[in-house]
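# Structural features, examined
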Amino acid sequence: MIGSGLKKLAVENGMKIAQGVAYGSLQGFAATMCEGSGWKSITFSTAISDPLKKDEFMQAVNSVNIQRIYRVQNLGMAPRNIQVVFLDNPGTMKKIQEFLEWFLPLLRQAGATMANICPECGGEVVNGRWMLIDGVAHHMHEGCAQRVSSEIGEENARRGQEDQGSYIRGILGALLGAALGAIVWAVVLNLGYVASLVGLLIGFLALKGYDMFKGKQGKGKVAILIVAIVFGVLLGTFAAETFTVIGLINNGELNLEIAQAPLLVLAVLKDDPEYAAGVGGNVLMGLLFAALGVFTLLRNAGRAVAGTKVKSLE
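Residues numbered from 1 in each chain as written. Predicted model: local features only at pLDDT ≥ 70, side-chain atom pairs only at ≥ 80, totals over all residues. Heavy atoms only, no water.

Turning next to a nonpolar patch on the surface. A grouping of I168, I171, L172, L176, M212 and F213 is seen on the molecular surface, where their side chains present a nonpolar patch of about 610 Å² in accessible area. Ranked by the residues each element gives to the nonpolar patch, the list is headed by helix α6 (residues 167-190), at four residues. (Patch = residues over 30% accessible without salt bridge, like charges linked within 9 Å, V, L, I, M, F, W, Y side chains within 5 Å. Areas by Shrake-Rupley, 256 points an atom, 1.4 Å probe, with all protein chains shown as cover. Salt bridge = Lys/Arg side-chain N within 4 Å of Asp/Glu carboxyl O. Helix = DSSP H or I, 4+ residues; strand = E, 2+ residues; numbered from the N terminus.)

By the bridge criterion, six bridges tie strand β4 (residues 39-44) to strand β6 (residues 82-87) in an arrangement that is antiparallel. Directly across from F44, in β6, lies its bridge partner I82. Two elements, strand β5 (residues 72-77) and β6, share five bridges in a ladder whose sense is antiparallel. Its bridge partner being in β6, G76 is matched across the sheet by Q83. The antiparallel pairing of β5 with β6 creates a hairpin that spans four residues between the two strands. (Pairing = 2+ DSSP bridges.)

This paragraph deals with the sheet that holds strand β9 (residues 310-312). One open sheet accounts for three strands, arranged β8-β7-β9; its pairing is antiparallel. Strand pairing shows two members of the sheet lacking a second neighbour, β8 (136-140) and β9, which therefore form its edges. Neighbour-to-neighbour, the strand axes of the sheet open up by a mean angle of 30°, direction not taken into account. Two strands pair when backbone bridges link them, and strand β7 (residues 129-133) and β8 are joined in this way by five bridges, in the antiparallel orientation. When the sheet's bridge partners are listed, L132 is paired in β8 with A137. (Axes fitted to C-alpha atoms, helices over the stretch in contact; angles between N-to-C directions.)

The tally for this structure, following the rule as stated, stands at nine aromatic pairs. Aromatic side chains Y70 and F99 sit 5.6 Å apart centroid to centroid with 75° between the ring planes, which places their arrangement in the edge-to-face category. Note that Y70 is positioned in helix α3 (residues 66-70) and F99 in helix α4 (residues 92-109), a separation of 29 residues in sequence. Grouping residues by exposure puts Y70 and F99 together as buried. Taking 6.2 Å as the distance between ring centres and 40° as the angle between the ring planes, the aromatic pair formed by W102 and F103 counts as tilted. (Phe/Tyr/Trp six-rings, centres within 6.5 Å; stacked < 30°, edge-to-face > 60°. Buried < 20%, exposed > 50% of the residue type's maximum accessible area, 1.4 Å probe, protein only.)

Inspection of every chain in the model, using the stated rule, returns five salt bridges. Salt-bridge contacts for R129 lead to E142; the nearest nitrogen and oxygen are separated by 2.2 Å. Note that R129 is positioned in strand β7 and E142 in helix α5 (residues 142-162), a separation of 13 residues in sequence. Owing to a relative accessible area of 34%, E142 belongs among the partly exposed residues under this scheme. Between K221 and D211 there is a salt bridge; the shortest N-O distance is 3.0 Å. In this pair, K221 sits in helix α8 (residues 220-250) while D211 sits in helix α7 (residues 196-212), placing the two residues ten residues apart along the sequence.

What follows is about the environment of H141. Relative to the helices and strands, H141 resides in the loop between β8 and α5. Residues H141 and R129 lie twelve residues apart in sequence; the distance between their C-alpha atoms is 6.1 Å.

Attention shifts here to the side chain of S166. On the secondary structure map, S166 appears in the loop between α5 and α6. Given the relative accessible area of 18%, S166 is considered buried. Among all residues touching S166, those that are not within four sequence positions of it are K214, G215 and K216. (Contact = heavy atoms within 4.5 Å.)

Let's shift gears to the sheet that holds β4. An order of β1-β2-β3-β4-β6-β5 is seen for the six strands of this open sheet, with the pairing classed as antiparallel. Looking along the sheet, the strands with just one partner apiece sit at the ends: β1 (16-18) and β5. For this sheet the average axis-to-axis angle between neighbouring strands, irrespective of direction, equals 20°. As paired elements, strand β2 (residues 21-26) and strand β3 (residues 29-36) share five bridges and run antiparallel to each other. Considered in β3, the bridge of S25 is made with A30. Across the sheet, α4 is in contact with β2, β3, β4, β5 and β6; its angle to β4 comes to roughly 20°.

Here you go:
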């Protein structure tokens, strides 16, 4: 997805817009621009081959507080690209312009490859093709683009054939992992807190359980993880209420056996609408905070099982 601010920047630099991104040569460098809720990003398809110049480049970048000055949330450097993610608030486009004025000269000084250099073979591209590989635009020779597309397709097919996992085992593992996280959730909720960090823990343990039980690495994985996380929040909330009743039993305020605590919670939920509404509010709050905590985790899990995506932009 791309908004009006990045579209304007793209048009000013002669870039094109397709597949939800702006792509093309950004002052000489192959770049991809996109955005989401609360962030904007620019990814440069480039590489710095000289190790000494690469070290000098990183030293120059690290010598500046880019988070405070330019609102850069993250600057990640991979072998073939550099991704810059900005916090998207009013005035961010001005910060992006200022960042580019500072950053692009550093890339030139480091000898970073330009948009007219094929990232696959290293040769000069005259009449090439722009390819979108996992959301990043690359400028390649026609032959290189076809070969890369074919190799990625074969690799994706090979991974699918080699996956001997089972959704049934994955469900069991994810639910067990989420149940462990639910215990922590119940303790935190009993202390009077609801934290996205605990929601992240439920998601993390559900993912670990799924993989440890050799769940199938297919598109159903993310749906199973979502169900497991909801299960973890519900179980954790119910356990928190049960722990409260157990506390009352231990204090002598309720004349019941500890084993009857869960049954009492269920009975009160059924018969007392006000109590049920309060517990329901805790569940909704828990689901909200869990969603905030596990969004990135689920997104990464989805990307992992989807395989590498390749699209032609021209």
